[in-house]
Amino acid sequence: MQEQTITALRAALTAQQLPFAQGEPLAPHTTFKIGGPAAFWCTPRDAEQLRRTLQLCRENDVRVYLLGNGSNTLFDDAGFDGAVIDMRGLSGMEGSDLDADAVRITAGAGQTLGRLCSKAQTLGLTGLEFACGIPGTVGGAVYMNAGAYGSELKDVLESVTFLDSDLQLRTLPAADLAMGYRTSIFEQNPDWCILSATVVLHRGDGAAVLARMQELLGKRREKQPLEWPSAGSTFKRPQGAFAGKLIEDCGLRGFTVGGAQISEKHCGFVINRGGATCADVVALTEQVRQIVEARTGFVLEREIRVVK
């Protein structure tokens with residue numbers, strides 16, 4: 001980014017009293033613990049601050065990356081030469097009765113799925129148990145239609161409120177969001193910005209909901225390498241197979257490039273064994289992809305987002 005642009009954006013953000021920092025290291029803000037600094041690190045506290053921050057970035061031709069919990073993001077070693085916007089300030093939650101059986105909960109895009117699931121369990125609501133161990137935020141979960149154990153967010157999603165390409169406030173029902181396997185209309189419109197999502201859950205037994213959540217969390221701890229930094233499942237599930245099984249069958253358990261390694265506990269995960277770089281992870285995933293395609297015919301597609 002040119003110094004003139006940096007000076008202009010800094011002055012504009014300061015003039016409007018919008019919170020930001022410069023040169024913020026990105027590694028601590030991702031579950032992979034990888035990534036260089038952001039030219040600008042913006043931390044809006046509400047939707048209006050977010051809208052004004054986005055407007056100023058556009059006016060100054062500064063590219064933007066919206067970051068939630070950083071659980072599916074791999075930043076480049078050189079960092080991000082633009083503005084990374086921390087969405088966690090948009091974390092409100094409110095509920096309302098829909099009818100005798102159902103309850104709506106609206107959660108901000110920066111709210112974690114874990115806290116949303118906890119809220120549902122406290123209220124004795126069922127439908128979100130599958131998501132209790134997914135480490136992302138509501139916005140990220142909508143963006144990629146997060147799912148686990150045979151369920152997806154689209155199963156309980158009612159609507160999403162967002163800023164469109166013109167930074168106008170819009171709300172669309174879930175049926176209009178093109179929710180598919182790890183994708184949505186927001187992936188096809190990257191300049192849209194999710195503000196909140198509304199889910200519809202059903203009244204149930206709080207103790208039973210908690211028991212199911214604990215069961216699923218136990219399965220995650222048993223089968224996934226949660227003790228190491230990673231970005232979760234590295235590859236999307238190919239039609240007719242499972243990425244982890246294909247990788248294992250190709251003898252790649254423990255395969256290592258630099259500090260990045262195919263987990264010995266679950267071959268669907270690439271972990272940071274210590275000091276891994278973005279280049280290490282990209283090189284490893286590319287070699288794995290080539291080997292799996294050559295030996296099995298299946299083409300693996302990365303699920304994690306590589307941001308340069």
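What you see is a predicted model, and the numbers here were worked out from it, not measured in a lab.

Trainee: How should I be thinking about the overall build of the protein chain in this particular structure?
Mentor: What the protein chain contains, in helices and strands, is eight helices and 18 strands. Taken along its principal axes, the extent of the C-alpha atoms in the protein chain is 55 × 55 × 30 Å. Taking as baseline every contact in the protein chain between residues at least 6 positions apart, the subset at least 24 positions apart corresponds to 64%. Put simply, the protein chain shows about 13700 Å² of open surface, and 48% of that area lies on carbon and sulfur atoms. With 31 positive and 35 negative side-chain charges, the protein chain shows a separation of 4 Å between the mean positions of the two kinds.

Trainee: Help me out: how do you make sense of empty space enclosed by the protein in this one?
Mentor: A probe matching the size of a water molecule, rolled over the atoms, marks out where space remains unfilled. Counted according to the given criterion, the structure contains one cavity of 30 Å³ or more. Here the largest cavity defines a volume of roughly 40 Å³. Lining the largest cavity are Ile105, Ala107, Leu113, Leu116, Val138, Leu153, Ala197 and Val199. Counting residues per element, the ones that place at least two in the lining of the largest cavity are strand S7 (102-108), helix H3 (113-122) and strand S13 (193-203). A class-by-class count of the residues in the lining of the largest cavity yields eight nonpolar, no polar and no charged.

Trainee: Please clarify how helix H8 (residues 278-296) should be interpreted in this entry.
Mentor: Because an α-helix completes one turn every 3.6 residues, residues spaced three or four positions apart along the sequence face the same direction. Taking 1.5 Å per residue as the helical rise, H8 with its 19 residues ought to reach 27 Å, and the 27 Å between its terminal C-alpha atoms agrees with that figure. The inward-facing, buried residues of H8 contact strand S4 (73-75), helix H7 (243-249), strand S15 (256-257), strand S16 (260-262), strand S17 (269-272) and strand S18 (305-307). Looking one or two residues past H8, Gly297 carries a phi angle of roughly 90 degrees, positive in sign.

Trainee: Quick question: what am I supposed to make of the packing of helix H1 (residues 3-15) against helix H2 (residues 47-59) here?
Mentor: The packing of two helices is summarised by the inter-axis angle and the distance between the axes. Where H1 meets H2, the axes come as close as 10 Å, and the angle between the chain directions of the two elements is 155 degrees. Taken as axis vectors, H1 and H2 run roughly antiparallel relative to one another. Classified by chirality, the crossing of H2 by H1 is right-handed. Facing Leu9, Ala12 and Leu13 of H1, the residues of H2 in contact are Thr53, Leu56 and Cys57.

Trainee: Explain the sheet that holds strand S2 (residues 37-42) here, please?
Mentor: What links the strands of a sheet is backbone hydrogen bonding, and the strands pair in either a parallel or an antiparallel sense. Judged by pairing direction, the sheet is mixed, and its four strands sit side by side in the order S1-S2-S5-S3 without closing on themselves. Two strands in the sheet have a free side with no partner beyond their single neighbour: strand S1 (20-25) and strand S3 (64-67). Adjacent strand axes in the sheet meet at a mean angle of 35 degrees, parallel and antiparallel pairs treated alike. Where H2 meets the sheet, its contacts fall on S2, S3 and strand S5 (80-86), and the angle it forms with S5 comes to roughly 165 degrees.

Trainee: Where do I start with the pairing of S2 in this structure?
Mentor: Looking along a regular strand, one sees side chains alternate from face to face of the sheet. The element S2 is extensively covered by neighbouring structure, given that five of its six residues are classed as buried. Summarising the sheet, S1 and S2 pair through five bridges and their orientation is antiparallel. By the bridge assignment, Gln22 is partnered in S2 with Phe40. Here S2 runs beside S5; their pairing, made up of four bridges, is parallel. Counted as the bridge partner of Trp41 is Val84 from S5.

Conventions and cut-offs
- Residues numbered from 1 in each chain as written.
- Predicted model: local features only at pLDDT ≥ 70, side-chain atom pairs only at ≥ 80, totals over all residues.
- Heavy atoms only, no water.
- Helix = DSSP H or I, 4+ residues; strand = E, 2+ residues; numbered from the N terminus.
- Contact = heavy atoms within 4.5 Å.
- Areas by Shrake-Rupley, 256 points an atom, 1.4 Å probe, with all protein chains shown as cover.
- Lys, Arg positive; Asp, Glu negative; His and termini not counted.
- Charge placed at Lys NZ, Arg CZ, Asp CG, Glu CD.
- 1 Å grid on protein atoms, 1.4 Å probe; cavity = no way out; pocket = protein on both sides within 12 Å on 5 of 7 lines; lining within 4 Å.
- Points joined across faces, edges and corners; volume = space filled by probe spheres on them.
- Nonpolar A, V, L, I, M, F, W, Y, C, P; charged D, E, K, R; others polar.
- Expected span 1.5 Å × (residues − 1).
- Axes fitted to C-alpha atoms, helices over the stretch in contact; angles between N-to-C directions.
- Parallel < 35°, antiparallel > 145°, perpendicular 65-115°, else oblique.
- Left-handed = near helix turned anticlockwise from the far one by under 90°.
- Pairing = 2+ DSSP bridges.
- Buried < 20%, exposed > 50% of the residue type's maximum accessible area, 1.4 Å probe, protein only.

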